[in-house]
Amino acid sequence: MEGAYMKGLFLYPKHLVASQQFDRVVLDALFDRVGAMEKRKPNDFQRQLQGRVVATLFYEPSTRTRLSFEAAALRLGAGVISTENAREFSSAAKGETIEDTIRVVAGYADLVIIRHYEVGAAERAAKLDVVPIINAGDGTGQHPTQALLDLYTIKKRFGYIDGLTVAMIGDLANGRTVHSLCYLLTKYKIRKIFFVAPEVVAIRQDIKDFLTRHSVDFQEESDLSKILSETDVFYQTRIQKERFGDRLDLIKQACGKYTIDLPMTRRMKSEAIIMHPLPRNDEIHPSVDSDHRVAYFEQAHNGLFVREAVLLDMLG
Ligand code: CP
């Protein structure tokens, strides 16, 4: 499956902008390659991308996505150019459009990884088709490489994905990782998805319609305690206060409603896993961190291997 992305399996063959671009064959091939990346020793730097330049343009804050992409590029021998606060420190601050920025950076880099506060920003960049684009998060839209590492983590922990029951908890309206993961889960025979969210950040209708079209059973549930014993994967998320503008009343309604704590873990299956794309606020109590079912730090580490595999496939 070498170069699978380039063979038209994506809607945007040269770019990675949305989870819907993947099919199961590509996912399985990608995960095999991620496994090979993971087996390498920490100091095993390679040269497959030597002479290539990767640009990271981040208009929103990031720790995991930007640093793991940059580490992945460096570990494969590529050079990295970067602007970590592009909203303020790139010429976006002088009114430059995404289109103009991408046309210019395409002259400096072989691939651009972009995080932007507007939904559809990565797609706009990809449509120019001047350099391969990876969507590293577009507002409340999607974050497809996060969904890849989420799914890889699930597969690694369980050995399979079919038949699992997944609970998505927290800010399901604004959480782009939730949206991208929902799209990817439709590629598998998921037993059920529970959506557990405060009413003001409930799962979007278009995601529910997509799941229905793909025959995925789902249920909105307001009482997290009711589903603790039947869920395999708990996917907890942060309330994205930055998406609410000055609506402090809505933030108040959304925050603090669903916190996973130690008493809750006692009612979970012993083989369940607890995930979170991170960063977290108060939605998982730190006392839970040492539980064997916790997967969130491993999940973040898997991002390095997933992003290595993606870069290798798109640039190698
Ligand atoms: N999960 C995630 O996207 O984290 P960062 O915002 O730190 O990149």
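Procedures and definitions
Counting restarts for each chain, with residues numbered from 1 along the sequence as it is written. The model is predicted, so local features are restricted to residues of pLDDT at least 70 and side-chain atom pairs to those at 80 or more, both for listing and for counting; the totals for chains, interfaces and linings are taken over all residues. Side-chain figures throughout are based on the complete set of non-hydrogen atoms in the structure, without hydrogens or water. With a 1 Å grid laid over protein atoms only, a set of points is called a cavity when a 1.4 Å probe fits there but cannot get out and a pocket when it is open yet has protein on both sides within 12 Å along at least five of seven lines; lining residues have an atom within 4 Å of a point. Grid points are joined across faces, edges and corners, and a volume is the space filled by probe spheres set on the points. The helix and strand labels rest on DSSP assignments: H or I over at least four residues marks a helix, E over at least two residues marks a strand, and numbering proceeds from the N terminus. By the convention adopted, Pro, Cys, Tyr, Trp, Phe, Met, Ile, Leu, Val and Ala count as nonpolar, Lys, Arg, Asp and Glu as charged, and the other residues, Gly among them, as polar. Three labels apply to residues, based on accessible area from a 1.4 Å probe with only protein chains included: buried if under 20% of the type maximum, exposed if over 50%, partly exposed otherwise in between. The arc in question is the one traced by the directions running from the helix axis out to the C-beta atoms. All axes here are fitted lines through C-alpha atoms, helices being fitted over the stretch that makes contact, and every angle between N-to-C directions spans 0 to 180 degrees. Oblique is the label for any angle not covered by the other classes, which are roughly parallel (under 35 degrees), roughly antiparallel (over 145) and roughly perpendicular (65 to 115). Left-handed is the label given to a crossing in which the near helix is rotated counterclockwise from the far helix by less than a right angle, and right-handed is the label when the rotation is clockwise. Here, two residues are considered to be in contact whenever any of their heavy atoms come within 4.5 Å of each other. We define proximity as follows: a residue is near a molecule or strand when any one of its heavy atoms falls within 4 Å of that partner. Here a polar contact means two N or O atoms within 3.5 Å. Within protein one must be a hydrogen donor candidate and the other an acceptor candidate, and residues neighboring in sequence count only if both atoms are side-chain atoms. Each accessible area is a Shrake-Rupley result for a 1.4 Å probe, and residues are judged covered by the shown protein chains and nothing else. Pocket or cavity membership: a molecule qualifies when more than half of its atoms sit within 2 Å of the grid points of that site. Strands were regarded as paired on the criterion that DSSP finds at least two bridges between them. Seen with its strands pointing away from the viewer, a crossover is right-handed when the path leading from the first strand over the helix to the second is clockwise. Patches here are clusters of residues that have more than 30% relative accessible area and form no salt bridge, with a 9 Å joining cutoff for like charges and a 5 Å cutoff for nonpolar side chains (Val, Leu, Ile, Met, Phe, Trp, Tyr). In what follows, salt bridge is the name for a side-chain nitrogen of Lys or Arg lying within 4 Å of a carboxyl oxygen of Asp or Glu.

S.K.: Before we go on, may I ask you to explain empty space enclosed by the protein in this structure?
M.R.: Taken as a whole and judged by the stated rule, the model has one cavity of 30 Å³ or more. Considered as a void within the structure, the largest cavity measures approximately 50 Å³ in volume. R64, T65, Q146, L149, H276, P277, Y296, Q299, A300 and R307 are the residues that line the largest cavity. Elements with a contribution of two residues or more to the lining of the largest cavity: helix 2 (64-75), helix 6 (144-158) and helix 11 (296-315). Considered class by class, the residues forming the lining of the largest cavity number four nonpolar, four polar and two charged.

S.K.: I'm lost on helix 5 (residues 121-128) in this one. Help?
M.R.: Every α-helix carries 3.6 residues per turn, so stepping three or four residues along brings you back to the same face. Among the residues making up helix 5, those that are buried are A121, A122, A125 and A126. The arc that holds the buried residues of helix 5, viewed along the axis, is 135°, so those residues lie on one side. Looking at the residues trailing helix 5, positive phi occurs at D129, about 60°.

S.K.: Mind showing me how you'd approach the packing of helix 6 against helix 7 (residues 176-185) here?
M.R.: Helix-helix packing is described using two parameters, namely the angle between the two axes and the distance between the axes. Between helix 6 and helix 7, whose axes approach to 8 Å, the crossing angle comes to 60°. The orientation of helix 6 with respect to helix 7, classified from their angle, is oblique. Of the two possible hands of crossing, helix 6 and helix 7 adopt the one that is right-handed. Across from P144, Q146, A147, L148, D150 and L151 in helix 6, the residues of helix 7 making contact are T177, S180, L181, L184 and L185.

S.K.: What exactly am I supposed to notice about the site of the ligand here?
M.R.: Residues in contact with the ligand, as listed here, are P61, S62, T63, R64, T65, R115, H143, Q146, P277 and L278. In the model, an oxygen atom of the ligand is placed 2.9 Å from a nitrogen or oxygen of the R115 side chain. Note that a nitrogen atom of the ligand is positioned 3.0 Å from one of the backbone N or O atoms of L278. About the coverage of the ligand: the protein hides 92% of its 260 Å² of free accessible area. With respect to the pocket detection grid, the ligand is positioned in the largest pocket. Among the residues forming the shell around the ligand, the class breakdown is three nonpolar, five polar and two charged.

S.K.: Whenever I open this one, the pairing of strand 1 (residues 53-58) confuses me. Can you help?
M.R.: Regular strands show a simple pattern: their side chains alternate between the two faces of the sheet. Counting buried residues in strand 1 gives five out of six residues, a clear majority hidden from the surface. Judged from the five bridges that link them, strand 1 and strand 2 (residues 79-83) form a sheet pairing that is parallel. Counted as the bridge partner of V53 is G79 from strand 2. For the crossover that starts at strand 1, traverses helix 2 and ends in the parallel strand 2, the hand is right-handed. Relative to strand 3 (residues 111-116), strand 1 is paired through five bridges, and the arrangement is parallel. Within strand 3, the residue paired with V54 across the bridge is L111.

S.K.: Could you clarify how one ought to interpret the layout of surface pockets in this entry?
M.R.: Rolled over the atoms, a probe with the dimensions of a water molecule shows which regions are left empty. Here the largest pocket is characterised by a volume of approximately 380 Å³. Looking at the lining of the largest pocket, the elements that each hand over two or more residues are helix 2 and helix 7.

S.K.: What's the story with the sheet that holds strand 1 in this structure? I'm lost.
M.R.: Sheet strands pair by backbone hydrogen bonding; their relative direction is either parallel or antiparallel. Here four strands make up an open sheet; going across it, the order is 2-1-3-4 and the pairing parallel. Edge positions in the sheet fall to strand 2 and strand 4 (133-138), since each has one partner strand and no second. Across the sheet, the axes of successive neighbouring strands diverge by a mean angle of 15°, strand direction being ignored. Pairing analysis gives four bridges linking strand 3 to strand 4, with the strands arranged parallel. Its bridge partner being in strand 4, I113 is matched across the sheet by I134. In this fold helix 4 (residues 98-105) packs onto strand 1, strand 3 and strand 4, with an angle of close to 155° to the strand it touches most, strand 3.

S.K.: Teacher, can you tell me more about the packing of helix 6 against helix 11 here?
M.R.: One can describe the packing of helix 6 onto helix 11 by two numbers: an axis separation of 8 Å at closest approach and a directional angle of 115°. Taken together, the axes of helix 6 and helix 11 lie roughly perpendicular to each other. Crossing of helix 6 against helix 11: the hand is right-handed. Taking contact as the criterion, the partners of T145, Q146, L148, L149, D150, Y152, T153, K156 and R157 in helix 6 are, on helix 11, E298, Q299, N302, G303, V306, R307 and V310. Tallied by class, the residues present in the contact of helix 6 with helix 11 amount to five nonpolar, six polar and five charged.

S.K.: Hey, could you run me through a nonpolar patch on the surface in this one?
M.R.: There is a patch of nonpolar side chains on the surface, built from I81, V104 and Y108 and spanning about 280 Å² of accessible area. Within the secondary structure, I81 is located in strand 2.

S.K.: Is there a simple way to explain the pattern of salt bridges in this structure?
M.R.: Where charged atoms of side chains with opposite charge meet at close range, the side chains can pair. Scanning all chains against the criterion turns up 26 salt bridges. For D44, the salt bridge is made with R40, and the minimal N-O distance between the two is 3.7 Å. Owing to a relative accessible area of 28%, D44 belongs among the partly exposed residues under this scheme. Put simply, D289 and R280 hold a salt bridge, and the shortest N to O gap is 2.6 Å. Assessed through its relative accessible area of 26%, D289 is described here as partly exposed. Connected via shared salt-bridge partners are E38, K156, R157 and E298.

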